Every structure is written in C-alpha cells, then in structure tokens.
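Architecture and fold: a report
What follows is the residue order along each chain.
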Amino acid sequence: MHPAPLVVMDWVGPVLGAIVFVALMSLVAEPTRRSLNAIILAGASGVYLCGGFGLWELIYPVAGAAIGFRALRSYRWIGAGWLIHACWDIAHHLWGNPIWPFMPNSAFGCMVFDSMIAVWFLAGAPSFLRRPHAVIRAAGA
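The text that follows walks through the structure, step by step, so that each part is easy to find.

What counts and what doesn't
Residues numbered from 1 in each chain as written. Predicted model: local features only at pLDDT ≥ 70, side-chain atom pairs only at ≥ 80, totals over all residues. Heavy atoms only, no water. Helix = DSSP H or I, 4+ residues; strand = E, 2+ residues; numbered from the N terminus. Buried < 20%, exposed > 50% of the residue type's maximum accessible area, 1.4 Å probe, protein only. Contact = heavy atoms within 4.5 Å. Core = buried A, V, L, I, M, F, W, Y, C linked by side-chain atoms within 4.5 Å. Polar contact = N/O pair within 3.5 Å; in protein donor to acceptor, adjacent residues only side chain to side chain. Phe/Tyr/Trp six-rings, centres within 6.5 Å; stacked < 30°, edge-to-face > 60°. Axes fitted to C-alpha atoms, helices over the stretch in contact; angles between N-to-C directions. Parallel < 35°, antiparallel > 145°, perpendicular 65-115°, else oblique. Left-handed = near helix turned anticlockwise from the far one by under 90°. Nonpolar A, V, L, I, M, F, W, Y, C, P; charged D, E, K, R; others polar. Expected span 1.5 Å × (residues − 1).

Counting through the fold element by element, Arg33 comes out in helix H2 (residues 32-44). We classify Arg33 as buried; its relative accessible area is 4%. Beyond its immediate stretch of four places on either side in the chain, Arg33 contacts Met25, Ser26, Val28, Tyr75, Trp120, Ala125, Pro126 and Ser127.

This next bit is on the nonpolar core. In this structure, Phe21, Ile78, Trp82, Ile117, Trp120 and Phe121 are the most contacted members of the largest nonpolar core, which totals 17 residues. Listing elements by their share of this core, those giving two or more residues are helix H1 (8-26), H2, helix H3 (59-71), helix H4 (75-95) and helix H5 (106-122). Apart from the residues lying within four places of it in its own chain, the contact partners of Trp120 are Val22, Met25, Ser26, Arg33, Ala125, Pro126 and Phe128.

With respect to the helices, strands and loops of the structure, Glu57 is situated in the loop between H2 and H3. Of the residues examined, Glu57 reaches a relative accessible area of 2% and is grouped as buried. A sequence separation of 11 residues divides Glu57 from Gly46, and the C-alpha atoms of the two residues are 8.6 Å apart. There is a polar contact of 3.4 Å between the side chain of Glu57 and the backbone nitrogen of Gly52.

Further remarks concern the packing of aromatic side chains. What the rule picks out here adds up to 8 aromatic pairs. For the ring pair Phe53 and Trp88, a centre distance of 5.7 Å and an interplane angle of 70 degrees mean the geometry is edge-to-face. Here the residue Phe53 occupies a position in the loop between H2 and H3, and Trp88 occupies one in helix H4, the gap between them amounting to 35 residues. Between Tyr75 and Phe121 the ring centres are 6.0 Å apart and the planes differ by 20 degrees, which places this aromatic pair in the stacked class. Here Phe121 lies in helix H5 and Tyr75 lies in helix H4, a separation of 46 residues in the sequence. Pair check on accessibility: Tyr75 and Phe121 agree, each one buried. Among the aromatic residues, those joined into a cluster by ring pairs are Phe21, Tyr75, Phe113, Trp120 and Phe121.

Two elements in contact, H3 and H4, have axes separated by 8 Å at closest approach and are oriented at 160 degrees. The angle between the axes of H3 and H4 places the two elements in the roughly antiparallel class. When you trace H3 past H4, the crossing you get is left-handed. Residues Tyr60, Ile67, Arg70 and Ala71 of H3 form the contact with H4, whose participating residues are Trp77, Ile78, Gly81, Ile84, His85 and Trp88. Looking at side-chain class alone, the contact of H3 with H4 contains 7 nonpolar, 2 polar and 1 charged residues.

The end-to-end C-alpha separation of H5 is 24 Å, in line with the 24 Å expected for 17 residues at 1.5 Å each. Extensive coverage of H5 is indicated by the burial of 12 of its 17 residues. When we look at burial in H5, the residues that qualify are Ser106, Ala107, Phe108, Gly109, Cys110, Met111, Val112, Asp114, Ile117, Ala118, Trp120 and Phe121. Buried positions along H5 lie against H1, H2 and H4. Phi turns positive one or two residues past the end of H5, at Gly124, with a value near 95 degrees.

Below, the structure is given as structure tokens:
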C-alpha cells in the first residue's frame, strides 16, 4: 500500500501545531516542563501498537520507556526521543498504518511535528513566552 499523496496541509498543520506546542510549553515552569515532556514522550511510544508491524511494534514502547526515563533529567534525551519517534512515523507512513485511520497522512504529519519539537528540545527548550504572573512580578505588582 502506497501512502496518499501529500498536500499543503500535511505540512502546514503540523508546523503550526509544533509552534503552538512550543509556545504553550514555554509557559510551563521548570523543572515541571522537562518532567512533563519526558512523560509525554514515553507515552507517545505506544501510539503505534496496532500500526501494522505485528510483534515489531512491541520493541519501540520498550525503547521509548527507557528513553523517557533518561529524559526525566535531560532535554537532549527528550529531543533524541522525538527524533527516534519521527523515524518510526516515517516507517508507518511508508509501510504501516496511519496514526489516525481517517487521515491517511497522519503519520507523516506526526513526523513533521515531532522533528520540529525535537529541535527545540535539543536546543534546551528555551522559553519563548513569559508566564503571565512572571510578567506581573517583574513589573513590581
């Protein structure tokens, strides 16, 4: 089975989603931001358990849990984990099942999203927005 032809929204939607994700995560205080994202990363390793690769699908959640554990202390591990997940997305886009059956290119979109946030995590997950109460405190209120 060949993947469906890609359209502009297969790129634009995930890019916009990644921008919104980074903006919202910028509002989460440390160390909660890192811990929360390590948990999200570990949980995301199970999204393909019925992805069409049979028993091979069980390998990635085990690896994802180990990476997620390391990610509790390191943004680099979170970034590496999302890059590994992006590779798994491509395999599913080309040869497996989409994440969402009603969107044939959803695994491709996931790859775009995952790759973009991985870059942010590899850069140390810098804040691009300030939390509202931090702005108020800085103003002396």
